[in-house]
Amino acid sequence: MKLKIYTGQDRGLCIRGCGRQDRQLNTYDWLADVPGNAQTTDLVEVQFKNTRKGYYRNVNNLDLKKGDIVAVEANPGHDIGVVTLTGKLVELQIKKANLRSADDIKRIYRIAKPVDMDKYYEAKSREHSTMIQSRQIAKDLNLQMKIGDVEYQGDGNKAIFYYIADERVDFRQLIKVLAETFHVRIEMKQIGARQEAGRIGGTGPCGRELCCATWMKNFVSVSTGAARYQDISLNPQKLAGMCAKLKCCLNYEVDNYIEASRRLPSKEMVLQTQDNDYYLFKSDILAGMVTYSTDKKIPSNLETISARRALEVIEMNKRGEKPLSLLEDGAVKRQDKPVDLLAGESITRFDKAKKKKKSKSRNAKQVDARRQERQAGQGARPAAGKPAAKVSGNAPKQSGGGQPSGE
């Protein structure tokens, strides 16, 4: 029996084959090239199945690099994970994760051995069947919950059941049945719709993989106010993501829109000129352009100007002044002459002579010739009721084509 030694990049590729570890929640280590960065702290970030991460201490001073598979402390036993970050940035990640006490940080035992990996693969192979069977058990107990995923610990002594439920669920009886069925320690962890979408994965309407399944770790509350700031139509079907909640990407650019909207005039302000009053019709927030109409409800005599020019007109109105127009320096908009699309066209261009009949084709001529021959043959037949004259065998022959001679 040959034993495979999991070292270097092979260790990372081996465990990634069981999940989506190679494209999940990666953190760019911009201090990786700094000499001595790894020795600044003994804290290490370790990632497990899907979106679950943990932080551990390298008490044994192991030479760990990103992608190494390690055996870490768990309760009970040990777990298997992939090193995703080392050095100074781990301390910043811990602050971001809001870990209150350093006692919560456990230890890294060793780099995973072939025996550890064999146990790991054996435990992972039971996850899908366990999830299907646990769903049936929850259904038999009439529990209003959905078990979305099951994760076995690296040594197979513990299983985490991720479930989603709209209301509070009493799963004490469920835990007893699951423990008797699978003979492992049971841990129930409730997740929301966003976390469930992140664990399942998928492709968004933008054509890329879901953010919650690739790099997002903390989920921030999303409200319809983010759509209002960006002038997005409040259409629930377009604003909802794969999880049936508001898309997380609505928060990505809302700060820029809020900052840019501060440089725009108020929507309630009416711009007065010497010829008319103008009302705000629409605005391009990032470009800093606003469009005004002479009617409050419909687009009429639209004028598009910069936000700076609109603020200048508002200041002039406050002083009691009215510019000639909304254009820069009060310039009057040049009226374009109407274009006559029929100029130079003849009024008889549609009066065309009748088309001549096309000459008959060769086949048509042959058909007409056959028809005439048949008609000629029918005309030479004797009339009905009159027998044809009999000609005796001794009849004299005709001579010269004239009438026969008779006596």
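Residues numbered from 1 in each chain as written. Predicted model: local features only at pLDDT ≥ 70, side-chain atom pairs only at ≥ 80, totals over all residues. Heavy atoms only, no water.

Q: What should I look at first to understand the overall build of the chain in this one?
A: Tallying secondary structure elements over the chain gives 11 helices and 12 strands in all. A total of 407 residues make up the chain; the buried ones form 35% of that total. Sequence separation of 24 or more characterises 61% of the internal contacts of the chain that already satisfy a separation of 6 or more. Accessible area of the chain: about 28,200 Å², with a carbon and sulfur share of 50%. (Helix = DSSP H or I, 4+ residues; strand = E, 2+ residues; numbered from the N terminus. Buried < 20%, exposed > 50% of the residue type's maximum accessible area, 1.4 Å probe, protein only. Contact = heavy atoms within 4.5 Å. Areas by Shrake-Rupley, 256 points an atom, 1.4 Å probe, with all protein chains shown as cover.)

Q: Would you mind going over the nonpolar core with me for this structure?
A: Looking at soluble globular proteins, one finds that nonpolar side chains tend to be buried together. In terms of nonpolar packing, the biggest core is built from 21 residues, with Met145, Ile147, Phe161, Leu174, Leu178 and Met188 touching the most fellow members. For this core, the elements supplying multiple residues, two or more each, are helix 4 (127-140), strand 6 (146-152), strand 7 (158-164), helix 5 (172-182) and strand 8 (185-190). Methionine 188 has contacts with Met145, Phe161, Tyr163, Phe171, Leu174, Ile175 and Leu178, leaving out every residue within four places of it along the chain. Core analysis: the next-biggest nonpolar cluster, separate from the first, contains 14 residues, Tyr292, Ile305, Ala310 and Ile314 among them. (Core = buried A, V, L, I, M, F, W, Y, C linked by side-chain atoms within 4.5 Å.)

Q: So what exactly am I meant to see when it comes to the pattern of salt bridges here?
A: Between side chains of opposite charge, a pair can form as their charged atoms come close. Overall, the coordinates contain 20 salt bridges when judged by the stated rule. Between aspartate 149 and lysine 49 there is a salt bridge whose closest N-O contact spans 3.1 Å. Here aspartate 149 is found in strand 6, whereas its partner lysine 49 is found in the loop between strand 1 (43-47) and strand 2 (53-57), with 100 residues between them in sequence. You'll find aspartate 149 and lysine 49 in the same group, each marked buried. (Salt bridge = Lys/Arg side-chain N within 4 Å of Asp/Glu carboxyl O.)

Q: So what exactly am I meant to see when it comes to the packing of aromatic side chains here?
A: This structure, assessed with the given rule, holds five aromatic pairs. Each ring, one from phenylalanine 48 and one from tyrosine 56, has its centre 6.2 Å from the other, and the planes form 75°; the classification is edge-to-face. Classification of phenylalanine 48 by relative accessible area gives buried; the value is 2%. For tyrosine 56, a relative accessible area of 9% puts it in the buried group. Ring geometry for tyrosine 120 and tyrosine 121: centres 5.6 Å apart, planes at 70°, overall edge-to-face. We classify tyrosine 121 as partly exposed; its relative accessible area is 24%. The ring centre of tyrosine 152 lies 4.6 Å from the NZ or CZ of arginine 126, which sits over that ring. (Phe/Tyr/Trp six-rings, centres within 6.5 Å; stacked < 30°, edge-to-face > 60°. Lys NZ or Arg CZ within 6 Å of the ring centre and 35° of its normal.)

Q: Could you clarify how one ought to interpret unusual backbone geometry in this entry?
A: If a residue is not glycine, its phi is most likely negative; likewise, a peptide bond is most likely trans. Here the bond from asparagine 75 into proline 76 is cis, since omega is -5°, no more than 30 degrees from zero. One non-glycine residue, histidine 183, lies in the positive phi region at around 60°. Along the chain, the position of histidine 183 falls in the loop between helix 5 and strand 8. The backbone of aspartate 231 sits at a positive phi, close to 60°, despite the residue not being glycine. Examined against the element boundaries, aspartate 231 turns out to sit in the loop between helix 7 (225-229) and helix 8 (236-239). With relative accessibility at 44%, the residue aspartate 231 sits in the partly exposed group.

Q: Help me understand the environment of isoleucine 94, please; the structure alone is not making it clear to me.
A: With respect to the helices, strands and loops of the structure, isoleucine 94 is situated in helix 2 (residues 89-97). Residue classification places isoleucine 94 among the buried positions, given a relative accessible area of 11%. Discounting residues that sit within four places of it in the chain, isoleucine 94 has contacts with Leu43, Tyr55, Leu99 and Ile105.

Q: Is there a simple way to explain the sheet that holds strand 4 (residues 78-86) in this structure?
A: Hydrogen bonds between backbone atoms are what pair the strands of a sheet, whose relative direction is either parallel or antiparallel. One closed barrel accounts for five strands, arranged 1-2-5-3-4; its pairing is mixed. Each adjacent strand pair in this sheet contributes to an overall mean axis angle of 55°, direction not counted. Sheet analysis places strand 1 next to strand 4, joined by four bridges and oriented antiparallel. Looking at strand 4, one finds that valine 46 is bridged to valine 83. Lying over the sheet, helix 3 (residues 114-124) contacts strand 3 (69-73), strand 4 and strand 5 (106-111), oriented at roughly 105° with respect to strand 4. (Pairing = 2+ DSSP bridges. Axes fitted to C-alpha atoms, helices over the stretch in contact; angles between N-to-C directions.)

Q: Honestly, helix 2 in this entry has me stumped. Any pointers?
A: Since the α-helix turns once every 3.6 residues, residues separated by three or four places project in the same direction. Within helix 2, burial applies to Leu89, Val90, Gln93 and Ile94. Along the axis of helix 2, the buried positions cluster into a sector of 145°, meaning they face one direction only. Asparagine 98 sits one or two positions beyond helix 2 and adopts a positive phi of about 60°. (Arc of directions from axis to C-beta.)

Q: Where do I start with the environment of isoleucine 132 in this structure?
A: Note that isoleucine 132 resides in helix 4. Isoleucine 132 sits in the partly exposed class, given a relative accessible area of 41%. Sequence separation of isoleucine 132 and glycine 148 is 16 residues, and the distance between their C-alpha atoms is 9.5 Å.

Q: Could you clarify how one ought to interpret the side chain of threonine 84 in this entry?
A: Assignment of secondary structure puts threonine 84 in strand 4. Judged by relative accessible area, threonine 84 falls into the buried class, the value being 7%. At a separation of 2.7 Å, a polar atom in the side chain of threonine 84 contacts the side chain of glutamate 45. Sequence-distant contacts of threonine 84, defined by excluding residues within four places in its chain, comprise Glu45, Val46, Gln47, Lys53 and Lys66. (Polar contact = N/O pair within 3.5 Å; in protein donor to acceptor, adjacent residues only side chain to side chain.)

Q: What should I look at first to understand the sheet that holds strand 7 in this one?
A: Taken in spatial order, the three strands make up an open sheet running 6-7-8, and their pairing is mixed. Here the strands that pair on one side only, and so sit at the sheet edges, are strand 6 and strand 8. This sheet shows a mean twist of 25° between the axes of neighbouring strands, independent of strand direction. Sheet strands touched by helix 4: strand 6 and strand 7. Its angle to strand 6, the strand with the most contacts, is close to 145°.

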